[in-house]
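Residues per chain are reported as follows:
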Amino acid sequence: MTQVPANHWTPGMKSPNPKGRPPGPSKQQALLRRMLDEGEEVLDAVLAKAKEGDAASAGLVLSRILPVLKAQGEKVKFHLDPSLPLAAQVEQVLAAIADGQIAPDVGRQIIEAIGTLGNIRALEDLEARIVTLEGKAV
């Protein structure tokens, strides 16, 4: 059996440091306090440089105050008959892509939505069948 040093912490011991935590703030707390104390001066300096035309400073300021623009897909119009079976709907989307009516990435999103709808319909159908079977078993 290996010998454990006397100063080694083992599970069940109260503390590996019998003297406890040293008094005063930790290094992280002291650093945070310093950043909070001097943060206003740093902000003033960055804003001043941004006003002078420094692109990096202006970019930093604007990135913090303006929301990030998210890409949005364009609206598309093409014929889609939702009464058709799902496979036929996907064929309609593929035809619209081939004809240049919709972009391929938009078509992919529509096809994924049709697939999700198909999964939901299948789950609803399965649930209805289970309810019917359980009703007959009673």
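Everything in this summary refers to the structure shown in the same document. (Residues numbered from 1 in each chain as written. Predicted model: local features only at pLDDT ≥ 70, side-chain atom pairs only at ≥ 80, totals over all residues. Heavy atoms only, no water.)

## A closer look at the overall build of the protein
Piece 1. Within the protein one finds four helices and zero strands.
Piece 2. In the protein, the succession of α and β elements from N to C terminus is α-α-α-α.
Piece 3. Expressed as a percentage of the 138 residues in the protein, the buried residues total 10%.
Piece 4. Across the protein, every contact between residues at least 6 apart in sequence was considered, and the portion connecting residues at least 24 apart equals 23%.
Piece 5. For the protein, the accessible area works out to roughly 12,300 Å², and carbon and sulfur atoms hold 60% of it. (Helix = DSSP H or I, 4+ residues; strand = E, 2+ residues; numbered from the N terminus. Buried < 20%, exposed > 50% of the residue type's maximum accessible area, 1.4 Å probe, protein only. Contact = heavy atoms within 4.5 Å. Areas by Shrake-Rupley, 256 points an atom, 1.4 Å probe, with all protein chains shown as cover.)

## Overview of the nonpolar core
Piece 1. Of all hydrophobic cores here, the largest spans seven residues; its members are F78, V93, A96, I102, V106, I110 and I114.
Piece 2. Elements represented by at least two residues in this core include exactly α3 (86-98) and α4 (104-137).
Piece 3. Ranked by residue count, the leading element in this core is α4, at three residues.
Piece 4. With residues up to four places along the chain from it excluded, the contact list for F78 reads Q92, V93, A96, Q101, I102 and I110. (Core = buried A, V, L, I, M, F, W, Y, C linked by side-chain atoms within 4.5 Å.)

## So, the side chain of S57
Piece 1. Relative to the helices and strands, S57 is located in helix α2 (residues 55-65).
Piece 2. Within polar-contact distance, the side chain of S57 engages the side chain of D54 at 2.5 Å.
Piece 3. When sequence neighbours within four positions are dropped, the list of residues in contact with S57 reads V46, K49 and A50. (Polar contact = N/O pair within 3.5 Å; in protein donor to acceptor, adjacent residues only side chain to side chain.)

## Overview of a nonpolar patch on the surface
Piece 1. Residues L31, L32, M35 and L36 make up a contiguous nonpolar surface patch of about 410 Å² in total accessible area.
Piece 2. What makes L36 exposed here is its relative accessible area of 55%. (Patch = residues over 30% accessible without salt bridge, like charges linked within 9 Å, V, L, I, M, F, W, Y side chains within 5 Å. Salt bridge = Lys/Arg side-chain N within 4 Å of Asp/Glu carboxyl O.)

## Concerning the pattern of salt bridges
Piece 1. One pass over the full model with this rule turns up four salt bridges.
Piece 2. Across the salt bridge formed by R108 and E112, the nearest N and O atoms sit 3.5 Å from each other. With a gap of four residues between them, R108 and E112 both fall in helix α4, about one helical turn apart.

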